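What follows is each chain in one-letter form.
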Amino acid sequence: MHRALTEVAHRPWPLPAGPWIMAQTWHDLLFAHWPIDVALLRPLIPAALEIDKFQGQTWIGVVPFRMSGVRLRGTPALPALSAFPELNVRTYVAHGGKPGVWFFSLDAANAIAVSIARAWFHLPYFNARMRCENRGGEIKYFSERTHRNATKAILRARYRPAGKIFQAQPGTLEHFLTERYCLYASDKKGKISRGEIQHAPWQLQPAQAEIQENTMIPAAINMECGAPAPLSQTSPPHPNEPLLHFSHRQDVVVWHPKPL
């Protein structure tokens, strides 16, 4: 049994039928979240999906981390393909009573993984030049999008855990933002699919971060609208400081997406 399948009681619905198709491990994640006006998000997300809110508020997140052990079921993790940084911009949606994640962008430092994810999962992956270094417990992270004909986007940050490990409890904002077991995506024809995932409950810590440059959210929103990103803007479209959480490691398995 894969390590990600050892705990399932916390899941909001049963494991999907059929075998998982991909495994991966996520390391040194920063969850940086900002509240955002739903009016900015609604035009960018298919009408069939409900924008999920916590106590009436919508949220958008920037999540840098690194991957290892990326492999298809029944195959080994090849060194040249299985370990690389990744950076997501995401918000939260639901369909048919199943809350999940909607990705505006996923930047990765692995061109083969980008091509596979675009083709198989219909996710907006982009090639990027990236560095992720752990220096005495502090993560130094840099990402610059290099994908051809894509809106440029940069994240330059340092972050670290800053408190005791805890598990988010149902009904809390931390649980709303992290404990999600599916993702939604749309193909070029507008057909929406749901991809199921499984992992143990998140082991979270409060975090501290120094975000030196961040054009990921402006780029994602403007990219969806077909307009150039304002690269001079170094903060998201909300003046508040982000809500920050850190997680050291998460083992994950993924099922093939299915059309709604």
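Residue indices follow the written sequence of each chain, beginning from 1 at its first position. Under the rules for a predicted model, residues below a pLDDT of 70 receive no local features and side-chain atom pairs below 80 are neither given nor counted, while totals for whole chains, interfaces and linings still include all residues. Note that water and hydrogens are dropped before the side-chain values are worked out from all heavy atoms of the structure.

Looking at this structure, how should I read the overall build of the protein?
Every helix listed is a DSSP run of H or I at least four residues long, and every strand listed is a run of E at least two residues long, numbered separately from the N terminus. The helix and strand inventory of the protein stands at 5 helices and 13 strands. For 260 residues, the compact-globule estimate of 2.2 N^0.38 gives 18 Å, and the C-alpha radius of gyration of the protein, at 17 Å, lies within 12% of that figure. Viewed in the frame of its principal axes, the protein has a C-alpha envelope of about 50 × 45 × 40 Å. Using a 1.4 Å probe on the protein chains alone, a residue whose accessible area is under 20% of its type maximum counts as buried, one over 50% counts as exposed, and one in between counts as partly exposed. Counting the 260 residues in the protein, one finds 52% classified as buried. Pairs at least 24 apart in sequence give 68% of the contacts found in the protein among residues at least 6 apart. We take the radius of gyration over the C-alpha atoms and set the globule estimate at 2.2 Å times the residue count to the 0.38 power. In this analysis, two residues are considered to be in contact whenever any of their non-hydrogen atoms come within 4.5 Å of each other.

Would you take a moment to explain the nonpolar core for this structure?
Within soluble globular proteins, side chains that are nonpolar tend to cluster in buried spots. We define a nonpolar core as any set of buried Ala, Val, Leu, Ile, Met, Phe, Trp, Tyr and Cys residues linked to one another through side-chain atoms lying within 4.5 Å. Counting residues in each nonpolar core, the largest one holds 38 residues, and the members touching the most others are Ile45, Ile60, Val62, Val89 and Phe104. Filtering out sequence-adjacent residues up to four positions away, Ile60 remains in contact with Ala32, His33, Trp34, Ile36, Leu41, Val89, Arg90, Phe104 and Ile217. Counting residues in each nonpolar core, the second largest holds 32 residues, with Met22, Leu106, Leu173 and Leu183 among its members.

Help me understand the environment of Asp187, please; the structure alone is not making it clear to me.
When you line up the elements, Asp187 lands in the loop between strand S9 (182-186) and strand S10 (192-198). Here the alpha-carbon distance between Asp187 and Pro124, two residues 63 residues apart in the chain, equals 9.6 Å. Whenever two N or O atoms come within 3.5 Å, that pair is a polar contact, provided that in protein one can donate a hydrogen and the other can accept it, and provided that, for residues adjacent in sequence, both atoms are side-chain atoms. Within the structure, Asp187 has its side chain in polar contact with the backbone nitrogen of Lys189 (distance 2.9 Å).

What exactly am I supposed to notice about a nonpolar patch on the surface here?
Judged by side-chain polarity, Leu72, Leu81, Ile112, Ile116 and Trp120 come together as a nonpolar surface patch covering roughly 400 Å² of accessible area. For the nonpolar patch, the element with the highest residue contribution is helix H3 (residues 111-121), accounting for 3 residues. With respect to the secondary-structure elements, Leu72 resides in strand S3 (residues 58-72). The patch calculation keeps residues exceeding 30% relative accessible area without a salt bridge and links them within 9 Å when they carry like charges or within 5 Å when they are nonpolar (Val, Leu, Ile, Met, Phe, Trp, Tyr). For the area figures, the Shrake-Rupley method with a 1.4 Å probe applies, and any residue is considered shielded solely by the protein chains shown. One side-chain nitrogen of Lys or Arg within 4 Å of one carboxyl oxygen of Asp or Glu is enough to make a salt bridge.

So what exactly am I meant to see when it comes to the pairing of S10 here?
Across the 7 residues of S10, 7 count as buried, placing the element largely inside the fold. The alternating pattern of S10 places Ile192, Arg194, Glu196 and Gln198 and Ser193, Gly195 and Ile197 on opposite faces, both of which are buried. Relative to S10, S9 is paired through 5 bridges, and the arrangement is antiparallel. Of the residues in S10, the one forming a bridge with Ser186 is Ile192. The hairpin turn running from S9 into S10, its antiparallel successor, is 5 residues long, and Gly190 in that turn takes a positive phi close to 85°. Pairing between S10 and strand S12 (residues 243-254): 2 bridges, direction antiparallel. In this analysis, strands are considered paired if DSSP registers two or more bridges between them.

What is the right way to read the environment of Arg42 from this model?
Residue position: Arg42 is located in the loop between helix H1 (38-41) and strand S2 (50-51). For Arg42, a relative accessible area of 31% translates into the label partly exposed. Other than its neighbours up to four places away in sequence, Arg42 contacts Ala47, Leu49, Glu50 and Ile51.

What should I look at first to understand the confidence of the model for the protein in this one?
Low-pLDDT stretches of the model should not have their predicted coordinates read in fine detail. Residue-level confidence of the predictor is what pLDDT reports, using numbers from 0 through 100. Of the residues in the protein, 92% reach a pLDDT of 70 or more, and the chain-wide mean stands at 90. Within the model, pLDDT remains below 50 along residues 223-239, and this stretch shows 37 contacts once partners closer than five positions in the same chain are excluded.

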